[in-house]
Every structure is written in structure tokens, then in C-alpha cells.
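# Overview (structure and organization)
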Amino acid sequence: MYLEFRHLRTIRAIHEAGGLARAADMLHITQSALSHQVKALEEQVGMELFHRRSKPMKLSPAGLKLLRLAERILPEISAVEEEFRAMQSGRSGRLHIAIECHACFDWLFPVLDGLRSAWPDVDVDIRMRLAFDAIEALRREEVDFVISSDPVSLPGITFQPLFDYEPMFVCPRGHRLAEKPFIEAEDFAEETLLHYPVERAKLDIFTQLLTPARVEPRGMRPVELTEVILMLVAAGRGVTVLPDWVLRDVRARPDYVVKHITEGGLTKRMYAAVRDEDTAKPYIAHMIRLARTEPVKLQRG
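Residues numbered from 1 in each chain as written. Predicted model: local features only at pLDDT ≥ 70, side-chain atom pairs only at ≥ 80, totals over all residues. Heavy atoms only, no water.

## With respect to the environment of Q31
Its location among the elements puts Q31 in helix α3 (residues 31-45). Between the C-alpha atom of Q31 and that of D204, which follows or precedes it by 173 residues, the distance is 74 Å. Leaving out residues up to four positions away in the same chain, Q31 has contacts with L20, A21 and A24. (Helix = DSSP H or I, 4+ residues; strand = E, 2+ residues; numbered from the N terminus. Contact = heavy atoms within 4.5 Å.)

Structure below.
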């Protein structure tokens, strides 16, 4: 037996209308075409689907089985069709995010709140386990949006600039470097550096200062959470370098001293990496706009 969706719609329409004439109107076809369709379907099934002499027309046991099938399948088909229409119009889709920046959650959560309000039908998720392989995950289509400060040239991937930030030095009040006007590479040689648990090639202080200067800290300690890093700094267990948006409140706290690194300060840029074919999707464009404005609010305090 070969069934099409139109057959199930026909069974449901005749059941709801109680006759061929009204069902044909509901299906926007002629009554003659509907009669031929029912006859062809009954020939496939090998038995009658309706008791035609009853008023209104009633389904036979075979017709009832097809009606139950229609009531189960047709709503699912309608839901999928609506999802496809929403995707075509840009109202829905998937936005799975990977982050190469531990400190980005400070500004990312307000951004996602704004995005969810504007695009409630978009499936938004943060894929934490893919943080260490984020760009490759983007190429494999496991994620759709990567936040990174390390752009690379890859076919099919676009790095959209978001905002500039300044990595800044933090030490406890009373530290030997607390009175210096700014911090230099050599100052780290006698310090334990508290940092996020990523390879040094992704730590701003190494890529922008220590590696070019060939300076090695006395010790290094990876720490997962920003608040724990700051707690250890206040306890005199080391110094750290954090992006300026994280330090908007720290600067006013009496336990800490925040300094520029080098006389002119360091500058780094944050990017959003997306696949080329996704750049025109309206919710991704909106995500990029929000990610360009929210961090600046935090930087300004």
C-alpha cells in the first residue's frame, strides 16, 4: 500500500466535514477529484474506508485506522513545515557557541539575554567541552559561533571584529610592584602568575609581552574561575593579568592594585568566528551587534 500525505489529509477532512462536498471545499479541490482520490485509495487498501449511505458519512474500521494515523502524523508534518518556514525567514535556527575566553562570561550572559528576547525560536547553547577545539568544531558544524581573540585565516570561516580590550596587571595592595607607574616584562620574572587553564599561546600576557621579551615568570598556577584568581591575588599567592572588562569593580576594591602593562598599555581585539554562509542570518548578525556593545558598557563601568 502506498500512502501520501494528501491521502491522510483527505481522510481527516471527510471525517471532519461529514461529506464529500464540504471536504472538497476544505481541501480546495473539486468534489469529483476528491471522489476519484477516495476510490483510488480504497482500491489500494482493498476495502471501503467510509459508510457512504450514512448521513453524515462515517468512517469504516479501516478508515478509522487511517484517521488515527493521520491525527498522529499530520500535526508533526505541520510542525516541521512551520520550522522550515521559520528557518527560511530567519526567525529560527541554531546558535551553538564555543568560547576560547574564560573571562567572556561577564559580558556574554547579558548578550544572550538580549538575543533570547529578540529571537525566542533560536536554539541557543554554550558548548563548553568544545572550548579547546573551537575553530575546528565550527568547521565541523558542531558549533555556529566562536568567541576568540586569535583570528586565523581559514577557508569558509569569517572572523568578525567585536571590540578592543586591554589586558591589565593585578596585584595585592602593598605588593612590591604596587607603586610602579606601569608594569614591564622583567617585573614578572620574580612573580607567580595566576592564569586561566589554557596553553600559553592563548594567554595575552605571553603572546604580547613575555614571549617576545623572552621572560619567564618564576612560577605559574592555572585557576579555572576569575573570582578564585582574584581571591588568591588578595591572599598574596601571586599576580595575574585580566581583561579590562573584568576589572571594572576590582579597581575600586581596597585589596587590589590594577596597573597598565608597558607605558602605553597592551591592546587586544576580540572576534566572533562564523561560517561564511551564516553571516547573513539575521539572528547571528544581531548576536554580533550585541557582542560589540555590551562589553563596552562593562569597560566603561
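## Section: the packing of aromatic side chains
By the definition in use, this model includes 8 aromatic pairs. The interplanar angle of 90 degrees and the centroid separation of 5.6 Å between the aromatic rings of W107 and F163 together place this pair among those described as edge-to-face. Separated by 56 residues along the polypeptide, W107 in helix α5 (residues 105-118) and F163 in strand β6 (residues 157-165) bring together distant segments of the chain. Accessibility expressed as a relative area gives 0% for W107, which makes it buried. (Phe/Tyr/Trp six-rings, centres within 6.5 Å; stacked < 30°, edge-to-face > 60°. Buried < 20%, exposed > 50% of the residue type's maximum accessible area, 1.4 Å probe, protein only.)

## Remarks on the sheet that holds strand β7 (residues 167-172)
Overall, mixed pairing links the 5 strands, which are arranged β9-β8-β10-β7-β11 in an open sheet. Each of the sheet's edge strands pairs with one partner strand only, and the pair in question is β9 (219-222) and β11 (256-259). Taking the axes of each pair of neighbouring strands and ignoring which way they run, one obtains an average angle of 30 degrees across the sheet. As paired elements, β7 and β11 share 4 bridges and run antiparallel to each other. Note that in β11 the partner of C171 across the bridge is V257. (Pairing = 2+ DSSP bridges. Axes fitted to C-alpha atoms, helices over the stretch in contact; angles between N-to-C directions.)

## Topic: the pairing of strand β3 (residues 93-99)
Taking burial as the measure, the 7 residues of β3 include 6 buried ones, the bulk of the element. Here β3 runs beside strand β4 (residues 122-126); their pairing, made up of 5 bridges, is parallel. Bridge pairing in β4 places R94 opposite D123. With α5 bridging β3 and its parallel neighbour β4, the resulting β-α-β unit is right-handed. Looking at chain direction, β3 and strand β5 (residues 145-148) are connected through 3 bridges and run parallel. When the sheet's bridge partners are listed, I99 is paired in β5 with I147. (Right-handed = clockwise from strand over helix to strand, strands pointing away.)

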